[in-house]
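# Structural features, examined
Residues per chain are reported as follows:
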Amino acid sequence: MPDRHRQGDFFLCDIFDAIPKDDLVTMEHPVFSLSTRPDRRILRYAHNDVQIEVTPSVKGLATIHDKDILIYCISQLMAALNAGKTVSRRLHLRAHDLLVATNRETSGDAYRRLKEAFERLAGTRITTNLETGGHEVTSGFGLIESWEIVRHARGGRMVSVAVTLSDWLFRAVMAKSVLTLSRDYFRLRKPLERRIYEIARKHCGRQDSWRVSVDLLLKKSGSASPRRVFRKMLRDMIAAGHLPDYEMAEEAGDMIRFSLRDAVVEGPVRSAPVLPPEAHDAARALAPGWDAHALEAEWRGFWASSGRPRLTAPQKAYLAWVKQRVARG
């Protein structure tokens, strides 16, 4: 790894309008507990060739709400990378900025809960064969390597915090294996709503809609609820209809369909263009420092708003649009 990313350096989190970003791996696979109480189970997940084991500390497993800290750190790093700044996996951040960015209260109790979240993140250990940034990880690692309160306020609240991300997560950021989240993600209070949004965002990023069985969605969510209870919670989410970006619908065959809110699928429609993996590399060459995934999402929105025309050469059309997008700034 280049010297400018060596562990001894630190990166100051001071980009106040950083767009929320999440890593693809933990969006795809269940790593965080959905429980609102201390969860001391050992989680085991296997799907296709992926195997994950998550082991808690005495403080319990890291929760989906604890993940806000990682999302904040990833968002700061990606904003800096896109701006051409030097980054490191050791970050210095202001606790108040983190709380505000993730739509949390800034009361004394909020700082206490934040400290507990850091403890769970540091204590939760993962063993997996997943790859990030082209490297297969076969040993155990923590979600964060370490953290420390650098400065306290007079009243005892944390002011400045230093966090060292795991090498595994930092590699994912450097490889830009991330997706943009809606800012409304942080307004979701129910753990399952957050997890379902992550899954929908991961799978609907390249198409107008995505269908999944209730069984597979239960498995991918990491929920410990019985199937019938899980289905009831999904139906409640469908009735509430406040999932950011997506509409949910129950279909025959015990299936759930997620559709983009601005392109809800009511029947058979023309399939969304399929881009080969090398299209992202070509887009990054045309738009250095830009978020390739965000560019693709914007292009797909443009394609949908244009009436979903048939494309005989999707990659050529996409790259031509990227050139125009870069020219517009």
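Fair warning: this is a prediction, and the values are worked out from it, not measured in the lab.

## Here we look at the sheet that holds strand β4 (residues 50-55)
Pairing within the open sheet is antiparallel, and its four strands lie in the order β3-β4-β6-β9. A strand with exactly one partner marks an edge of an open sheet, and here the two such strands are β3 (43-47) and β9 (141-142). The sheet contact formed by β3 and β4 spans five bridges and is antiparallel. Across the sheet, His47 pairs through a bridge with Val50, a residue of β4.

## Overview of helix α2 (residues 67-82)
The first and last C-alpha atoms of α2 sit 22 Å apart over 16 residues, in line with the 22 Å expected at 1.5 Å per residue. The buried count for α2 comes to 14 of 16 residues, which makes it a mostly enclosed element. Downstream of α2 by a residue or two, Gly84 has a phi angle that is positive, lying close to 80°.

## So, the packing of helix α9 (residues 278-286) against helix α11 (residues 314-328)
Where α9 contacts α11, the two axes come as close as 10 Å, and the packing angle between them is 20°. Relative to α11, the element α9 is oriented roughly parallel. Judged by the sense of rotation from one axis to the other, the crossing of α9 with α11 is right-handed. Across the interface between the two elements, Glu278, Ala279, Ala282, Ala283 and Leu286 from α9 touch Gln315, Tyr318, Leu319, Val322, Lys323 and Val326 from α11.

## Thoughts on the side chain of His47
Turning to its location among the elements, His47 is positioned in strand β3. Excluding residues that lie within four positions of it along the chain, His47 makes contacts with Leu216 and Lys219.

## Focus on helix α5 (residues 167-174)
Burial analysis of α5 places six of its eight residues in the buried class, the great majority of the element. Considered for burial, the residues of α5 that qualify are Trp168, Leu169, Phe170, Arg171, Ala172 and Val173. Positive phi appears at Lys176, one or two residues downstream of α5, with a value of about 55°.

## Re the pairing of strand β14 (residues 246-251)
Examined bridge by bridge, β14 and strand β15 (residues 255-260) share six bridges and lie antiparallel to one another. Of the residues in β15, the one forming a bridge with Glu250 is Ile256.

## Some words on the packing of α2 against α5
Across the interface, α2 lies against α5 with an axial gap of 10 Å and an inter-helix angle of 40°. The angle between α2 and α5 places the two elements in the oblique class. For α2 against α5, the interelement crossing comes out right-handed. Judged by residue contacts, Leu70, Ile74, Leu77, Met78 and Leu81 of α2 engage Leu169, Phe170, Val173 and Met174 from α5. Of the residues contributing to the contact of α2 with α5, the split by class is nine nonpolar, no polar and no charged.

## Some thoughts on the environment of Cys13
Among the structural elements, Cys13 can be located in the loop between β1 (11-12) and β2 (21-23). C-alpha separation for the pair Cys13 and Ser75, spaced 62 residues apart in sequence, amounts to 9.5 Å. Sequence-distant contacts of Cys13, defined by excluding residues within four places in its chain, comprise Tyr72, Gln76, Leu91, His92 and Leu93.

## Observations concerning the pairing of strand β11 (residues 158-165)
Taking burial as the measure, the eight residues of β11 include eight buried ones, the bulk of the element. Bridge count for strand β5 (residues 90-94) against β11 is five bridges, and the pairing is antiparallel. Opposite Leu93, over in β11, you have Val161 as the bridge partner.

## Focus: the pattern of salt bridges
This structure, assessed with the given rule, holds 29 salt bridges. Glu53 is the partner of Arg44 in a salt bridge, and the nearest nitrogen-oxygen pair spans 3.0 Å. Taking the shortest distance from any N to any O, the salt bridge between Arg261 and Glu247 comes out at 2.8 Å. You can see Arg261 sitting in the loop between β15 and α9 and its partner Glu247 sitting in strand β14, a full 14 residues away along the chain.

## Here we look at the confidence of the model for the protein chain
On average, residues of the protein chain score 86 in pLDDT, and 88% of them are at 70 or above. Long-range and interchain partners of residues 1-8, a stretch whose pLDDT sits below 50, account for 15 contacts in this model, where long-range means more than four residues apart. When the criterion is pLDDT under 50, residues 263-269 qualifies, and its contacts beyond four places in sequence or with other chains add up to eight contacts.

## Thoughts on the side chain of Asp66
As for its placement among the helices and strands, Asp66 is situated in the loop between β4 and α2. Within polar-contact distance, the side chain of Asp66 engages the backbone nitrogen of Thr63 at 2.9 Å. Sequence-distant contacts of Asp66, that is, excluding residues within four places in its chain, are made with Leu61, Arg104, Ala117, Arg120 and Leu121.

## Brief notes about the nonpolar core
Within the largest apolar cluster, 77 residues are counted, with the highest numbers of intra-cluster contacts made by Phe118, Leu165, Ile196, Leu217, Leu234, Leu243 and Phe258. At ten residues, α2 tops the list of elements feeding residues into this core. Residues within four places of Ile196 in sequence aside, it is in contact with Leu217, Phe230, Leu234, Met237, Leu243, Met248 and Phe258. The next biggest cluster of nonpolar side chains, apart from the first, holds ten residues, and it includes Ala279, Ala287, Leu295 and Trp321.

Cut-off values and rules
Residues numbered from 1 in each chain as written. Predicted model: local features only at pLDDT ≥ 70, side-chain atom pairs only at ≥ 80, totals over all residues. Heavy atoms only, no water. Pairing = 2+ DSSP bridges. Helix = DSSP H or I, 4+ residues; strand = E, 2+ residues; numbered from the N terminus. Expected span 1.5 Å × (residues − 1). Buried < 20%, exposed > 50% of the residue type's maximum accessible area, 1.4 Å probe, protein only. Axes fitted to C-alpha atoms, helices over the stretch in contact; angles between N-to-C directions. Parallel < 35°, antiparallel > 145°, perpendicular 65-115°, else oblique. Left-handed = near helix turned anticlockwise from the far one by under 90°. Contact = heavy atoms within 4.5 Å. Nonpolar A, V, L, I, M, F, W, Y, C, P; charged D, E, K, R; others polar. Salt bridge = Lys/Arg side-chain N within 4 Å of Asp/Glu carboxyl O. pLDDT = per-residue confidence, 0-100. Polar contact = N/O pair within 3.5 Å; in protein donor to acceptor, adjacent residues only side chain to side chain. Core = buried A, V, L, I, M, F, W, Y, C linked by side-chain atoms within 4.5 Å.

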